[in-house]
Structure formats: structure tokens, C-alpha cells
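# Examination of the molecular architecture
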Amino acid sequence: MPAKIAAPAPDATADFTLADGTRLTARVRRSPRARRARLSLAPDGGLLLTVPGHWSPSAVDQALPRFLPWLERAWQRHQRRAPEKGLPSAVVLPLPGLEFRVETAGDLAEGRRHSQARAHSLLVSQGARRLLLLETPGLLRLFGPPEDAALGALALRRWCREQAARLLPPYLLHLAAREGFAVSGVSVRDQRSRWGSCSRTRPDAREQRAARPRRGVSFKDFLGRLLGGKSENEPANGAAVQNAAGHINLNWRALLLPVPLLEHLCWHELCHLRQMNHSPAYRAELARFSPHWPDMEKALNRAWRDLPWWALPGTVPDARNR
């Protein structure tokens, strides 16, 4: 049968029917920055249709048919790659060089008896379902319903995020200090589609007063300094840009990356503090610290696609995601 499409409903979704009868629903997001419609397929199978904010419902409807050929191919690839929804036998953390075996070890009551010993514990719940994770050296034991892989995945995600919050910021700050980057803070988050992000730190009142124009300084130069750029009288690599401070967010899943790839990710974000774009100047800056950056960028994209099922964004609803 031919593929079909249903126009976007008022609740901001669009339904697609593939040639084999499979029905898929995409969430519709309006973006004032989008210039054209774009359909994306997340690792967990979720569909997102991004459209320009000014588009009418009829314009969105007219754009849908052109996505069907791509969606047919993309969905088939996704089905072939779809990981088995089971818990891993081990979790490997390359940065500290540690591996933890994962075991289902009994019911919740038994886990509470074991938690009296010296072990780090983490209790997760979804509705009435609860599971206790106990960490001992080299071992993660899960106490709860053994058939509930989703709850076990939630426990592993929260445990990994705790480890990431402890390990990733010191690692990035060490690299930053070594090469003279000014970082005001590092956060570990649960981004759904990116490994990291950064933002320039807004100057405080004293810095703004210091930036006020003085006699002999043109307004154009002053404005350039205030906006973080360079003035006509400053060198190309002026100190204002070189020492620009900023805040960096890292995805907790970066803790699962091989150390060389994690290091590249940190340089990628740190270099954005000096060049808030992907211009040739930014690429030249990145090449100073990560000479093989084109290969590393491709490897980061592959690593995102190859995330284990339990670590995929959106696999397990979590109120603490943000």
C-alpha cells in the first residue's frame, strides 16, 4: 500500500503511515530561527519535526510528503540497529579506568538488608515500582523486580550521572587551567541531542564600569570590547577574547566516551569561549589543541548513535532529567 500522511493535529503532532502500514507520530516544534522544515529521528525512535515559526498549518501540511522517502529508509535502518532492551553485564567508565559488573541480586527487602553495609545506595521509583542500586567496588547490584529493565535502566542512568558530576568538571577544569582558558563553571546535564554546550559569562558591574569608554577611545572600539569582540586597535588574538570566561555544560553520557574522545569534546567547548561560532578562526583554534579534530567530530557522531539502550535520551522518563 502507498505511504500516507496525516496533517498536523492541534496538539502539535504529525502522523506518518509508512508503506508497510507502520504508523509513526512526530512531535512538531515551531522555531523562529528555522528557515525550512526538518524531520529528525532520535536514537530511541522519537520523531521531531521542526518548522519555521511563521508557517501556517497548511504550509506545514504541504511540507510533509517530501519527508516520506527519507523516513522509509531511516526507519528501516533504525529497526535494524535497534538495540535489545536489556541491562548490560557491565558498565565501563574509561576516564577513571573502572569497570562495574551489573547484577540483579534480589528483591527490594533483601537490598535494604544489604544496604546496612558500607555501600553507596540509590533508590529509584516509577509510580509504585521501586528499585535499589547498591554500589561496591567493581559491582552494581540491583534489587527490585528482575523483569523491569526500564527501572534498572533508570537506576543506571542516575548512577552514571552522579559519577559524571563528580569526575567530568575537574577533568575539564584541569585542561582549561593548563592552556589558560577562563571557565566560570561546569555543569553536568542530560541533553537529549548534544554532547555539550557553552555560553559566555556576563560581566559583573565592576567589569562593565571598567569597560566604559575613556578619553581617546572611540565608541566603535568600546562597543566592540563590550560585546566580546576586538577593537580596531587590538591585535587579532586580543586578550579580551583569549581570556573570555564562560560556563560549560557537559552531557553525563560523555563519561562513557573513550578518554581521547572526551578530551576532544572538552577542547571543542573550550575553544568556543574564544570563538562563539564554527568559523575558520574557530577551526584553527580547535586544531591547536585537537589536531585530528575532523576525525574526532565524526567519531563523536558515531558514539552518539552507538549509545547503549539504557543510556539513550528519552529511554526512561525521569523527572530529574534537567
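Structure shown above.
All of the points below concern the structure found in this document. Just so it is clear, the model here is predicted, and its values are computed rather than measured. (Residues numbered from 1 in each chain as written. Predicted model: local features only at pLDDT ≥ 70, side-chain atom pairs only at ≥ 80, totals over all residues. Heavy atoms only, no water.)

### A look at the packing of helix α8 (residues 259-272) against helix α9 (residues 280-289)
Between α8 and α9, whose axes approach to 9 Å, the crossing angle comes to 140°. Comparing their axes, α9 and α8 come out oblique. When the axes of α8 and α9 are compared, the crossing they make is right-handed. Facing α8, whose interface residues are His264, Trp267, His268, Cys271 and His272, α9 presents Tyr282, Glu285, Leu286 and Phe289. Partitioning the contact of α8 with α9 into residue classes produces five nonpolar, three polar and one charged. (Axes fitted to C-alpha atoms, helices over the stretch in contact; angles between N-to-C directions. Helix = DSSP H or I, 4+ residues; strand = E, 2+ residues; numbered from the N terminus. Parallel < 35°, antiparallel > 145°, perpendicular 65-115°, else oblique. Left-handed = near helix turned anticlockwise from the far one by under 90°. Contact = heavy atoms within 4.5 Å. Nonpolar A, V, L, I, M, F, W, Y, C, P; charged D, E, K, R; others polar.)

### Overview of the sheet that holds strand β11 (residues 183-189)
Reading across from one edge, β11-β13-β12 is the order of the three strands in this open sheet, with mixed pairing throughout. Of all the strands in the sheet, the pair left with one neighbour each is β11 and β12 (196-200). Neighbour-to-neighbour, the strand axes of this sheet turn through a mean angle of 15°, independent of strand direction. Relative to strand β13 (residues 246-251), β12 is paired through five bridges, and the arrangement is antiparallel. Across the sheet, serine 199 pairs through a bridge with histidine 247, a residue of β13. α8 rests against β11, β12 and β13 of the sheet, and its axis sits at about 20° to β12. (Pairing = 2+ DSSP bridges.)

### Some remarks on the nonpolar core
One finds Trp159, Trp195, Leu257, Leu270 and Trp310 to be the most contacted residues of the largest nonpolar core, which totals 58 residues. Top element by residues in this core is helix α4 (residues 149-179). It accounts for 15 residues. Once residues within four sequence positions are removed from consideration, tryptophan 159 is found in contact with Val91, Leu93, Phe100, His120, Leu122, Leu133, Glu135 and Leu140. (Core = buried A, V, L, I, M, F, W, Y, C linked by side-chain atoms within 4.5 Å. Buried < 20%, exposed > 50% of the residue type's maximum accessible area, 1.4 Å probe, protein only.)

### Quick look at the environment of asparagine 249
Here asparagine 249 is to be found in strand β13. Along the primary structure asparagine 249 and valine 186 are separated by 63 residues, whereas in three dimensions their C-alpha atoms are 5.8 Å apart. Ignoring any residue separated from it by four or fewer positions in sequence, one finds asparagine 249 in contact with Ser187, Arg189, Gln191, Trp195, Gly196 and Ser197.

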